[in-house]
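# Architecture at a glance
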2 protein chains.
Amino acid sequence: MQNLGLSKLKMERGALYETIVTTVNEDGSGNAAPIGVLCRNEKEITLYLYEGSHTLNNILREGKFAVNILDDPCIFALSTFTDLKLNYFKKYKEYVVLKDADAFFTNVVYKTRKINKKDPLGKSTLYLVNAKVKEIIMKNCIKPLNRATYAIIESLIYSSRFKIADKKTRERYIERIKEMKKLVKKVGTKKDKEVMKYIMQQVTRF
Amino acid sequence: MQNLGLSKLKMERGALYETIVTTVNEDGSGNAAPIGVLCRNEKEITLYLYEGSHTLNNILREGKFAVNILDDPCIFALSTFTDLKLNYFKKYKEYVVLKDADAFFTNVVYKTRKINKKDPLGKSTLYLVNAKVKEIIMKNCIKPLNRATYAIIESLIYSSRFKIADKKTRERYIERIKEMKKLVKKVGTKKDKEVMKYIMQQVTRF
């Protein structure tokens, strides 16, 4: 049997997880940003990074980064809006990682690709960063965040109110569930997608 | 130090968790329904149940029930729309529980209260069921579902798109974040609520 990789962290192939990516700045200090990480297989991941971010610049320069698994919404919020203070980081070999992560893994980039994206918000340049997982360090026992689980929970909460809702409210709920389905299609496991399909079938029977 | 209760399951006072409540039907078989469980303190919980549900009838008759902690969206979906098949359940003492739960705890009701609720969807009768936790059984290592964590993640995802969004899109994002804030107010821990407040401050600066 092949050596286990990301499934040790309960990460499944094809699903996108909410994590915090840490990189080393030019001056050697740590940088942290909330990034969705696509699990490609046991040993490979892909990041989608917008042009101009510190994370992207550091990754392109250093060729490596760490992925931190945690579910403290506070650290997600802080690293979205601010630069995390020094005392959030610690060194691990040639990487920086978050002190309070439940687990982290180190990665070496093997391919980057620039793509131009067009969506309702306008044009943007995106980098696909493919990397190989080097080492996985687990501290606490964990389940990494996956929005699909919650998109399903939210859809179910809407569904359970269907029977007591009027026509207009139902239409609003259906709209929301459709959005959730889109999200699950984007971030969920194969099983999650099947569950979402099932939910859609159930609610459109009304 | 007092004996630990629900904090063993990482459940915090004042937060509402997505769980599956299992009860015994009149014929002795098992019944399962997805129910939000409010953690009051280490040893006490409250359920909010709509009149007419099997779960409520079973709880009022038997005076006891089990709370199952799991994060398999599939079981949440099935128990929302159908009666779970026999092979999902197992007996535990005088309770029934879910075979695949990561953890469960048994409860004895000590107070019920009937209240009339009025919301945009109309009038409904609700039962508040207060219960004492009797025994906690942990199987896997777990973090129980809390929608607040994900409402925060969703809000952060909207926030991070602010800079590249036009005025109209921003207004739509603000609306969504406000909804998320409401949700966090309802289901989150004290810390979650502080994080949400911080997010609102950040996005309304634009």
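Residues numbered from 1 in each chain as written. Chains lettered and ligands numbered in written order. Predicted model: local features only at pLDDT ≥ 70, side-chain atom pairs only at ≥ 80, totals over all residues. Heavy atoms only, no water.

### Here we look at the packing of helix α2 (residues 73–81) of chain A against helix α5 (residues 190–203) of chain B
So the rule is basically this: Between the N-to-C directions of two axes lies an angle of 0 to 180 degrees, each axis being a line fitted to C-alpha atoms and, for a helix, fitted only over the stretch in contact. Note on conventions: DSSP H or I runs of at least 4 residues are helices, E runs of at least 2 residues are strands, and numbering of each starts at the N terminus. Should an angle lie under 35 degrees it is considered roughly parallel, over 145 roughly antiparallel, and from 65 to 115 roughly perpendicular; all remaining angles are considered oblique. Working rule for handedness: look at the near helix, and if it is turned counterclockwise from the far one by less than a right angle, call the crossing left-handed; if clockwise, right-handed. Contacts: residue pairs with any heavy atoms within 4.5 Å of one another.
Running from amino to carboxyl end, α2 of chain A crosses α5 of chain B at an angle of 15°, the nearest separation of the two axes being 9 Å. In terms of their interaxial angle, α2 of chain A and α5 of chain B are classed as roughly parallel. Two packed elements cross with a definite hand, and for α2 of chain A against α5 of chain B that hand is left-handed. When α2 of chain A is examined against α5 of chain B, the residues P73, C74, A77, L78 and F81 of chain A are found in contact with a partner set consisting of K191, D192, V195, Y198, I199 and Q202 of chain B.

### Considering the confidence of the model for chain A
Our working rule: Known as pLDDT, the predictor's per-residue confidence is scaled from 0 to 100.
Averaged over every residue, the pLDDT of chain A is 88; residues scoring 70 or more account for 95%. This prediction of the complex comes with two scores: 0.78 for pTM and 0.72 for ipTM.

### Overview of the packing of aromatic side chains
What counts here: To pair, rings of Phe, Tyr and Trp, with the six-membered ring standing in for Trp, must have centres within 6.5 Å; the planes then decide the type, stacked if under 30 degrees apart, edge-to-face if over 60, and tilted in the middle. The cut-offs for exposure are 20% and 50% of the maximum accessible area for each residue type, with area from a 1.4 Å probe on protein chains only; residues under the lower value are buried, those over the upper are exposed, and the others partly exposed. Only Lys NZ and Arg CZ are tested; either one counts as a charge over a ring when it is within 6 Å of the ring centre and within 35 degrees of the ring normal.
Tallied over the full model, the rule gives five aromatic pairs over all chains. Ring geometry for Y150 of chain A and Y150 of chain B: centres 3.3 Å apart, planes at 10°, overall stacked. With Y150 of chain A in helix α3 (residues 147–160) and Y150 of chain B in helix α3 (residues 147–160), the pair connects residues from two separate chains. Classification of Y150 of chain B by relative accessible area gives buried; the value is 7%. Here K132 of chain A stacks its cationic end above the ring of Y110 of chain A, 4.4 Å away from the centre of that ring.

### Observations regarding the interface of chain B and chain A
Applicable threshold: In the sections that follow, a salt bridge refers to a side-chain nitrogen of Lys or Arg positioned within 4 Å of a carboxyl oxygen of Asp or Glu. Nitrogen and oxygen atoms within 3.5 Å of one another constitute a polar contact, given that in protein one can donate a hydrogen and the other can accept it, and given that sequence-neighbouring residues count only through two side-chain atoms. Any residue outside Ala, Val, Leu, Ile, Met, Phe, Trp, Tyr, Cys, Pro, Asp, Glu, Lys and Arg is labelled polar, Gly included; the first ten of those are nonpolar and the last four are charged.
With 43 residues of chain B in contact, the opposing surface of chain A contributes 43 residues. For R147 of chain B, the salt bridge goes to E154 of chain A, with nearest N and O atoms at 2.5 Å. Put simply, chain B and chain A have four residue pairs in polar contact (both at pLDDT 80 or more) between them. Looking at the side of chain B that touches chain A, the elements that each hand over two or more residues are α2 (73–81), α3, α4 (167–187) and α5 of chain B. It is α3 of chain B that contributes the most residues to the side of chain B that touches chain A, nine residues altogether. Considering only residue class, the side of chain B that touches chain A consists of 22 nonpolar, seven polar and 14 charged.

### Considering the nonpolar core
Formally: The definition of a nonpolar core used throughout is a set of buried Ala, Val, Leu, Ile, Met, Phe, Trp, Tyr and Cys residues joined through side-chain atoms within 4.5 Å.
One finds L98, I177 and I199 of chain A together with L98, I177 and I199 of chain B to be the most contacted residues of the largest nonpolar core, which totals 70 residues. Once you skip the residues sitting within four places of it in the chain, L98 of chain B turns out to touch I20, T22, A32, N68, L70, I75, L84, Y88, F89 and K139 of chain B.

### Details of the packing of α3 of chain A against α3 of chain B
One way to put it is that α3 of chain A packs onto α3 of chain B with a least axis distance of 10 Å and a crossing angle of 110°. Looking at the two axes, α3 of chain A sits roughly perpendicular to α3 of chain B. Here R147, Y150, I153, E154 and I157 of chain A of α3 of chain A lie close against α3 of chain B, whose contacting residues are R147, Y150, I153, E154 and I157 of chain B. For the contact of α3 of chain A with α3 of chain B, the residue count by class is six nonpolar, no polar and four charged.

### What about the pattern of salt bridges?
What the rule picks out here adds up to 19 salt bridges over all chains. Notably, a salt bridge pairs K114 of chain B with E51 of chain B, separated by 3.8 Å at the nearest N-O pair. With K114 of chain B in strand β7 (residues 103–119) and E51 of chain B in the loop between β3 (44–50) and α1 (54–62), this pair connects stretches of sequence that are 63 residues apart. Residue E62 of chain B pairs with R61 of chain B through a salt bridge whose shortest N-O separation is 3.3 Å. Here the residues in one salt-bridge network are K64, E94 and K134 of chain A, joined through shared partners.

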